[in-house]
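Listed below, chain by chain, are the residues.
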Amino acid sequence: MSTQDTPAVDLETLARLPEFYHPVVSPDGSQIAFYYDEHGRNDLYVLDVDEGSYERVTDGEAPRSARWHVRWSQDGERVFFHRDDAGDEQNDLVAWSPEGGVETVVEVDGQAVLSDTSQDGETVLYASDEGEQMNLYRYDTAASETSQLTTYDRPVMGATFDPDDERIAYVTNESDSLENRDGYVMAADGDDVRRLEIGEDGSESTVSGWFPDGERLLVSDNAHDLRRVGVYHLATDEIDWLGPHDDEESPAAISPDGRYVVAIRHRRGASMPVRYDVETGDAAELDVPDGVASVPGGRGAAFTDETTLVFSHSRPDERKELYAYDLETDEYEVVLEAAYGGLDPDVFVDAEYVTYEGDDGLEIGAILYDPRDGPALPDDATDVPAVVLVHGGPHARSSMAFTLTAQLLTSQGYAVLAPNYRGSTGRGREFKQAILGDWGGMEQADVAAGGEWIQSREWIDAERVAVYGGSYGGYSVYSQLTQYPTLWATGIASVGITDLHKLYEEDMAHFQYILRQQLGDPEENYDLWRDRSPIEHVENMERPIYIVHGVNDPRCPIGQARIFRDALVDLGWEEGTDFEYTEFGDEGHGSTDVEHKIRKFELLSDYLDRRL
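What comes next is a walk through the structure. Keep in mind it's a predicted model, so treat the numbers as computed, not measured. (Residues numbered from 1 in each chain as written. Predicted model: local features only at pLDDT ≥ 70, side-chain atom pairs only at ≥ 80, totals over all residues. Heavy atoms only, no water.)

## A word on the packing of helix α4 (residues 442-455) against helix α5 (residues 472-483)
Think of two packed helices as two axes; the pair is described by the angle between the axes and how far apart they sit.
So, step 1. Running from N to C, α4 and α5 point in directions that differ by 80 degrees, and their axes come no closer than 10 Å. The angle between the axes of α4 and α5 places the two elements in the roughly perpendicular class. Contacts between α4 and α5 involve E443, Q444, V447 and A448 from the first element and Y472, Y475, S476, S479, Q480 and Q483 from the second.
So, step 2. Looking at the contact of α4 with α5, its residues break down into four nonpolar, five polar and one charged. (Axes fitted to C-alpha atoms, helices over the stretch in contact; angles between N-to-C directions. Helix = DSSP H or I, 4+ residues; strand = E, 2+ residues; numbered from the N terminus. Parallel < 35°, antiparallel > 145°, perpendicular 65-115°, else oblique. Contact = heavy atoms within 4.5 Å. Nonpolar A, V, L, I, M, F, W, Y, C, P; charged D, E, K, R; others polar.)

## Things to note about the environment of V594
So, step 1. Inspection of the secondary structure puts V594 in helix α10 (residues 594-611).
So, step 2. For the pair formed by V594 and L14, sequence separation is 580 residues and the distance between their alpha carbons is 10.0 Å.
So, step 3. If sequence neighbours within four positions are ignored, V594 has contacts with A15, R16, D37 and G40.

## A word on unusual backbone geometry
So, step 1. The amide bond that connects G243 to the next residue, P244, takes the cis arrangement and shows omega of 15 degrees.
So, step 2. Even without glycine at this site, E132 takes up a positive phi of about 95 degrees.
So, step 3. Of note in the backbone geometry, S144 takes a positive phi value of approximately 55 degrees without being a glycine.
So, step 4. Mapping S144 onto the fold places it in the loop between β11 (135-140) and β12 (145-148).

## Thoughts on the nonpolar core
So, step 1. Core analysis: the biggest nonpolar cluster contains 56 residues, and L417, W439, I454, I545 and F564 have the highest contact counts within it.
So, step 2. Apart from residues lying up to four places away in sequence, W439 is in contact with P394, Y472, Y475, I497, L500, L515, Q518, L519 and R532.
So, step 3. Core analysis: the second largest hydrophobic core is formed by 39 residues, L389, V548, F584 and I598 among them. (Core = buried A, V, L, I, M, F, W, Y, C linked by side-chain atoms within 4.5 Å. Buried < 20%, exposed > 50% of the residue type's maximum accessible area, 1.4 Å probe, protein only.)

## As for α10
So, step 1. With 18 residues, α10 ought to run about 26 Å at 1.5 Å a step, and its terminal C-alpha atoms sit 26 Å apart, in line with that.
So, step 2. Taking the backbone nitrogen of E595 as reference, a side-chain oxygen 3.0 Å away marks D593 as the first, capping residue of α10. (Expected span 1.5 Å × (residues − 1). Polar contact = N/O pair within 3.5 Å; in protein donor to acceptor, adjacent residues only side chain to side chain.)

## What to know about the environment of T486
So, step 1. Structurally, the position occupied by T486 is in the loop between α5 and β34 (490-494).
So, step 2. Residues T486 and R543, spaced 57 residues apart in sequence, show a C-alpha to C-alpha distance of 7.0 Å.
So, step 3. Beyond its immediate chain neighbours, meaning those up to four positions away, T486 contacts E542 and R543.

## Here's the deal with the packing of helix α2 (residues 404-411) against α10
So, step 1. Relative orientation of the contacting elements α2 and α10 amounts to 40 degrees, with a least axis distance of 11 Å. It follows that α2 is oblique to α10 by the angle criterion. Of the two possible hands of crossing, α2 and α10 adopt the one that is right-handed. Residues L404, T405, L408 and L409 of α2 form the contact with α10, whose participating residues are K597, F601, L604 and L608.
So, step 2. Considered class by class, the residues forming the contact of α2 with α10 number six nonpolar, one polar and one charged. (Left-handed = near helix turned anticlockwise from the far one by under 90°.)

## Digging into the sheet that holds strand β14 (residues 167-172)
So, step 1. If you walk across this open sheet you meet the four strands as β13-β14-β15-β16, and the pairing is antiparallel. The two strands at the open ends of the sheet, each matched to only one other strand, are β13 (157-161) and β16 (194-195).
So, step 2. As judged from the two bridges shared by strand β15 (residues 182-187) and β16, these two strands associate in the antiparallel manner. Looking at β16, one finds that Y184 is bridged to R195. (Pairing = 2+ DSSP bridges.)

Right, here's the structure in full:
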């Protein structure tokens, strides 16, 4: 191998480490449902909180990708989840119950996303694009009847019933500013729509949940740049903003008695849970190590009792665990431990938050993994190869969470840099929206600057630096190799974007909206859309690329990969020599299935070993 003769950790052992996803607490607090893959593939499990034991309750009915969340019905009788076909994301809603096993509840011609159920569990609230755009629907399970509640031409998201099932809160946009989001409340039958007085035109407001009295809502907004969390009073339209407001914060949960609000505070790659006492105004970060916490979403899904909060937590070198945290005593216990499969946890490399300057002087944050800090390389190793790992989104972020791909690479002797280019979340509205109208522009300059930064480290071999990413990160790989053709030794583009107009023609309506939000109208801004499509600049390519794509991908359809492959062939590039190409016939926009992870890791590892 180019890095070392034997990897510090066996690839398959890493890929088979069990992982849990989307834990949610039952309405009575006695059980926690979650996806888990400890037996080799993704399935639904239920944990008994008092006993601490769990059992698998499905046998292959859960999707192979754990992308989509899990929800309890509000009566606690069933657990809802989403089911698609080989990653195509055209979800139906299914439910598991102890008595009836798994049954299909809602079938749609398109994508369905579960939002909530009524208190008696008989009415299902969901969003769907079966009418083209993503709108709200309710399904009466007793009568087997569906009613469409909204008819917006913009996507609707984040819907939840009030405690009496008489009203629904949700988020959409009716402004001319496509980046705008507003919170709304309407009657449960879709009448009496009211827009809430949050933020300003162009800011992004959310409605996260109802307080138990049904007269207050947990909301957030980024009108003042950094997102802040507040309590909205429906009777007066007044908002009690929670603070201090020194870092961006996102709403997470309300305690069952309404006394506590939990938010997530984002800083320097970490995401820390914060407790706000609504009665006293006191605020404190929870007493857990700096890392990344994720609180279950959905009504009542995060608390086992009035004060015990359930959330997952990980650090770069510590795998995800599930905590039960007492907000009054600041003590916690581990409800679901991380599985290490016999591996010594010390094999994993910790990460450092670093910064560098973009071309225009803007500070860019990044997560750096140094393989010399682990068993892969000696502390004084030089000429180390590196991979710049570009996150998707673009409105997402790389964080100080445990990342299996980064640990795979460091175990094989590669340094990893994961930049949070402009457009990333966690640093406020201005930084996030800096990408609007400029896809493929300065944010790609930020990624390139990250490549130059890592190349300038004296212990890095500047001739052996690759760029790798999926989804928007895959778009970045295509953009990097066409815009900065000599910067990188090679690139690996997974489920990426190459032709923006073709993507718009084939995409789902709510993703078409995102494209218009980011780049304007595809015809009015035709020249911009073409210029920022990597396929238009394929002739600039000088370095090899590995293209990986799932044939069932609805977000970035397989045609995005095929047209780039065909263009390379037309230019005289030989597949297998000048570039490499793999299609996955049983995947969509990525997969968390263990066998799929092994397959992808083997291909990635083999390619980098040969090319770097």
